[in-house]
Amino acid sequence: MPGLIAAALDDVRDMDARTTRAYELAREQGWSALSRAPGVPGLTLDRPPSVRLDWEATGQSGNQGKRDAETLAAALAAKNPEEARTALLGLPESLQRHLADEDYQAAFWAGAGPLALRAARALYERTGSALFSAESVSVLRALGASLAAAGQMRVGTGKDRRPLLPDATRAALTANSDPWSVGMLVKYGPEGRSWDSRFLADLTRAMLDARAAGKTIWPPARGPLETDADASRHQRLMAEYDAVGAVLQRAAENGMAARHVLGDQTTGLKYARMLVSDSWHTPGYDPGPFLSSYVHPGGVLPPIGQVDLSAPTAAFLKAAVSAERGTSADAKESAWSVVHIVQATAEFSKLHPGTHLPEEIRGSLLYVAGRYLPDFAQSVNHNFASGALQQGNKSTNPWVPINKLDELEGFFTQALQKPEEFGAFKGLMASRVSVAVAATIHDPSDRNYLREMGGLFGLIQRVENTHHFEGELRVDEEAAKNQMLLATASGGFGALSFSNPFGPGTMAQIFTALGTPALNEAFDTGHALKALKANMDASRHQVFQVEVPVVQGLVDAGAVHPRPNASWVSNGRVIPNAALVDWISLHADTRYAGRSLTDWITEAQTAMRMQQ
Amino acid sequence: MKAKNLAVITMCLLVLLAGCTEERRSPPADDEVTRRDAALVAVVQCLVDHGEVPPAHLSHQPWLRDKKVRPGAELVTWRSDHGDTIYAGKTLQAWEDEATAGWPGWRCPL
């Protein structure tokens, strides 16, 4: 009975498809269902013209999928890119037309799966400057789009619900028989959010495992590399057709896929170790064979010509920690990703003292630190154990990462290297003073954010002291600190309303929101600071450093109510001007939220080590 | 009340972190954190044993089993939420700082 129903449904689908096609063809001939007859007001029904139907093209879509799979299999089996290209001319259009068609997708990937995954290796050009012809690119694009669409599809209902892609195809994807070709389908496939996050996470793990196992992840070398220029060109080709990078990039775009990989409690640390590494570049080549024997008598020389590939890795690390803070499963994975990234970085610091991670990757580490600043501050005084948990162990609170002090120290030892990086990070912390003030007043728990920030600041200072920077470098550090402070103070404060009730976990979210614009590379660093400096004497410069954030925090928390005509505040934003200096000196002993203004400022200065 | 606690804690903070502003010598961070870890466990155990922590503060806390305090990340986040909470006349932070300063000679005074 179910078989009969299915057959009947197929017939209906076929007839429906043919009818739709017939109308489509009729419209192409200029026919409209409702048209005006000459001289008669209103609309009349017009008889459609006769059309010829291509019965094959509109046949049951599963059959079409099967046929396309056979065409692909035959074309790729020929192992001649020239022939394959001709045979596959119609494939991209057919794949594109059936992107949302489950019958087609199931039949196509069941028939072509493992072979389609190796399409890139069959299609690449053996000579010439481009690795793929325009036709080959369109085949790879179509296959990538189809794979992404099929990866999102599910069949069956209830507990029988399962991925549409057959097990054999999924197994072939992760079996690593040709990771480079799989990577090319992902490279030419759609943007990361068009992929199923679990599917993309499986793919990422498979690629990283293949890379770790030393499998072929690079495009094939075309002919012998006879000159230094050949060898150098091949390195650039490797970078352009970097399969692992392509998959990492898509997973980063997807976001959740990156968090599935690094946020897994069992395997996340393993993959974090692979990513937090200085190996993200092309292998380079031995220049020896290209040197005259007079210059180079023989032996293997250190590789040269390596091309940096750390950008997708860095993007992936950022995406892995970028879930919205909260109680969701996504936030949980994000917090575990932070724990694992910190652990992996600390291990790297320990195993490779003196080796620096690529700049892009260190940038991601600072992004992690900025985003999870209050959590790092909470962790910093203890060394028990690491893990992600809900703040205060309450199921209504957001997920937070807790890392051992040893790990945080190793993390910052690697993340911060140059004086200006220390400066920028300290500036970021100082810019959070106002939030810390407001948070300490308003958070329903008895948590003291300002003091916790002070603990983290102490750690940063300890790490910096191991560098023994000279006086001149300290000037760079100071400049970077002020730039960061300015950028955050002018861009971050006031963007958030503190009028909402302070629920549990609100503070962590506010910290996070404020951290993001400050760590964005786009902030203005140059002339605004110069203009400010030109107009400010030393004392007002100091005012800008701590007192503005403190007063801002008190205003935000509703502890200070400026007069409507006060010129040092505009739309809730505190403005560092002469009127503010006057106001501060007049109110030094006035009590706000239980303590004097001077006490607030002193504590903030202490926490941020700003006392002169 | 909370703000008043802040003032007290600020003073403790000044004492505790004085070492960090000194650039000439590297503070014995490892030693300090080892003592601080041990001190926190002892302090919380002391307060729990003497009934100084209200039951509401302890419900569903995974680090407390059979009235025994177990060190771990769970204890760190609970401790953070109660840094300014007053138990037996002092904030938890003040208890921790005192016990750390006196470690390993510190004994529960209750």
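Everything discussed here concerns the structure shown above.
This structure is a prediction, so every number in the text was calculated from the model and none was measured.

Student: Got a minute to help me understand the overall build of chain B in this structure?
Tutor: When its secondary structure is counted, chain B shows five helices and four strands. Overall, chain B shows an N-to-C arrangement of helices and strands of α-α-α-β-β-α-β-β-α. Across the 110 residues in chain B, those meeting the buried criterion constitute 37%. Restricting the contact set of chain B to residue pairs at least 6 apart, pairs at least 24 apart contribute 61%.

Student: Can you walk me through the overall build of chain A in this structure?
Tutor: Across its full length, chain A holds 28 helices and 10 strands. Split into buried and exposed, the 612 residues of chain A put 46% on the buried side. Long-range pairs, those at least 24 residues apart, make up 77% of the contacts in chain A between residues at least 6 apart in sequence.

Student: Where do I start with the nonpolar core in this structure?
Tutor: Among soluble globular proteins, nonpolar side chains are generally buried collectively. Residues and elements named next belong to chain A. Formed by 168 residues in total, the largest nonpolar core has its most connected members in L185, A251, F316, I341, V437 and L554. Per-element accounting of this core gives the leading share, 10 residues, to helix α16 (residues 329–351). Not counting the four nearest positions on each side in its chain, L185 is found in contact with L117, A120, L140, L143, G144 and L147.

Student: Which parts of the structure should I look at to understand the packing of helix α15 (residues 310–320) of chain A against helix α17 (residues 359–371) of chain A?
Tutor: A pair of packed helices can be characterised by two numbers: the angle between their axes and the separation between those axes. All names here are of chain A. In contact at an axis separation of 8 Å, α15 and α17 are set at 10° when each is read in the N-to-C sense. In terms of their interaxial angle, α15 and α17 are classed as roughly parallel. Note on element contacts: α17 touches α15 through E360, I361, G363, S364 and Y367, opposite S310, A311, T313, A314, L317 and K318. In the contact of α15 with α17, the residues fall into five nonpolar, four polar and two charged.

Student: What is the right way to look at the environment of L64(B) in this model?
Tutor: All names here are of chain B. Considering the arrangement of structural elements, one finds L64 in strand β1 (residues 64–65). Placed 10 residues apart in sequence, L64 and E74 show a C-alpha to C-alpha distance of 9.6 Å. If we skip the residues at most four places from it in the chain, L64 touches V48, L58 and V69.

Student: How should I be thinking about the packing of helix α9 (residues 179–188) of chain A against helix α12 (residues 243–254) of chain A in this particular structure?
Tutor: Residues and elements named next belong to chain A. Closest axis-to-axis distance for the α9/α12 pair is 8 Å, and the angle between their directions is 40°. As judged from the angle between their axes, α9 and α12 are oblique. The way α9 lies across α12 gives a crossing that is left-handed. Where α9 approaches α12, its residues P179, W180, G183, M184, V186 and K187 are matched on the opposing element by A243, V244, A246, V247 and R250. Tallied by class, the residues present in the contact of α9 with α12 amount to eight nonpolar, one polar and two charged.

Student: Whenever I open this one, unusual backbone geometry confuses me. Can you help?
Tutor: When glycine is set aside, most residues are seen to have a negative phi, and most peptide bonds are trans. Residues and elements named next belong to chain B. With an omega dihedral of 5°, the bond running from W103 to P104 counts as a cis peptide bond. Structurally, P104 is set in the segment after α5 (92–102). Even without being glycine, K67 reaches a positive phi, approximately 65°. Position of K67 among the secondary structure elements: in the loop between β1 and β2 (68–69). Given 9 C-beta atoms within 10 Å, K67 falls into the exposed group. Here the phi dihedral of A88 falls at roughly 50°; this positive angle occurs in a residue that is not glycine. Judged by C-beta crowding, with 14 C-beta atoms within 10 Å, A88 ranks as partly exposed.

Definitions and limits used
- Residues numbered from 1 in each chain as written.
- Chains lettered and ligands numbered in written order.
- Predicted model: local features only at pLDDT ≥ 70, side-chain atom pairs only at ≥ 80, totals over all residues.
- Helix = DSSP H or I, 4+ residues; strand = E, 2+ residues; numbered from the N terminus.
- Buried ≥ 20, exposed ≤ 12 C-beta atoms within 10 Å, placed from the backbone.
- Contact = placed C-beta atoms within 7 Å.
- Core = buried A, V, L, I, M, F, W, Y, C linked by C-beta atoms within 7 Å.
- Axes fitted to C-alpha atoms, helices over the stretch in contact; angles between N-to-C directions.
- Parallel < 35°, antiparallel > 145°, perpendicular 65-115°, else oblique.
- Nonpolar A, V, L, I, M, F, W, Y, C, P; charged D, E, K, R; others polar.
- Left-handed = near helix turned anticlockwise from the far one by under 90°.

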